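A look at the structure
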Amino acid sequence: MNLREEDLPRLLAADLHHYFQQLVLHYQHRLYTFAYRLSASQQNAEDIVQEAFVNAYVSLENYTPERIRTLKLQAWLYRVTLNVYTHSLRRARLHVVPLDITEDSAMLEILGRPEEHPELLFEQMEQRQELASLLAQLPEKYRICITCYYFEHFTYQEIADLLDQPLGTIKSSVSRGIRQLRTLFETTSQQEGRKEKQ
């Protein structure tokens, strides 16, 4: 059965058990890709998505049909997935370095120079795997924002809503993340250049 995305909330409100599998089929690839870009691990991404769907089902069971019908399903599922990811980090007791984010800084204007645009940066990269490896090296805060903006095509406002952060903070995180990604790319390129000369 091939259902339209916009029909899913109404159908889930009518018969959650019957239509939940359609929700899984519709979103599993997108959520897996999102989780993989955040965690940089196939196994972790699979675990995160599986747990996210379990959490989503339990939540939907407790929602009223009216609430289910009005859900922005995609945004809600991304938030559930992101919550599972952040909780998995806490469980693993990973050390996250606090970042100094000053929203007033003039250097954080997102208008940017042409070289700041990630499309140009990504065009220079020969393999997606290299990009994924560099993205995984970014601090979590930047990795999430860049993944949402450039890979999932969320607007700044949608990311702000997803992360429950001010719009300026999201713009700053994307800008700083791109700068760090560019630095990592340039460092990697220089190291590869030196290896070729040897």
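See the structure shown above.
Calculation criteria
- Residues numbered from 1 in each chain as written.
- Predicted model: local features only at pLDDT ≥ 70, side-chain atom pairs only at ≥ 80, totals over all residues.
- Heavy atoms only, no water.
- Buried < 20%, exposed > 50% of the residue type's maximum accessible area, 1.4 Å probe, protein only.
- Helix = DSSP H or I, 4+ residues; strand = E, 2+ residues; numbered from the N terminus.
- Salt bridge = Lys/Arg side-chain N within 4 Å of Asp/Glu carboxyl O.
- Expected span 1.5 Å × (residues − 1).
- Arc of directions from axis to C-beta.
- Polar contact = N/O pair within 3.5 Å; in protein donor to acceptor, adjacent residues only side chain to side chain.

**Points about unusual backbone geometry**
We note that Ala40 has phi near 60°; this positive angle belongs to a residue other than glycine. Overall, Ala40 belongs to the partly exposed group, its relative accessible area being 40%. Unlike most non-glycine residues, His153 shows phi in positive territory, near 60°. With respect to the helices and strands, His153 occurs in the loop between α8 (140-151) and α9 (156-163).

**Some remarks on the pattern of salt bridges**
Counting across every chain of the model gives 7 salt bridges. Between Arg37 and Glu152 there is a salt bridge; the shortest N-O distance is 3.6 Å. Pair noted here: Arg37 is in helix α2 (residues 16-39) and Glu152 is in the loop between α8 and α9, with a separation of 115 residues, a long-range link. Between Glu186 and Arg182 there is a salt bridge; the shortest N-O distance is 3.3 Å. One end of the pair is Glu186 and the other is Arg182, both in helix α10 (residues 167-197) and 4 residues apart, which spans about a single turn. Overall, the relative accessible area of 15% leaves Arg182 in the buried class. Connected through shared salt-bridge partners, Arg4, Glu6, Asp7 and Arg10 make up one network.

**Details of helix α3 (residues 42-62)**
In this model, α3 (21 residues) spans 31 Å end to end at C-alpha, consistent with the 30 Å of a helix rising 1.5 Å per residue. By the burial criterion, the buried members of α3 are Ala45, Ile48, Val49, Ala52, Phe53, Ala56 and Leu60. For α3, the angular spread of the buried residues around the axis is 135°, confining them to a single face. Across α3 from its buried face, at more than 90 degrees, point the exposed residues Gln50 and Asn62. Two to three positions downstream of the cap, the backbone nitrogen of Gln43 sits 3.5 Å from a side-chain oxygen, assigning the N-cap of α3 to Ser41.

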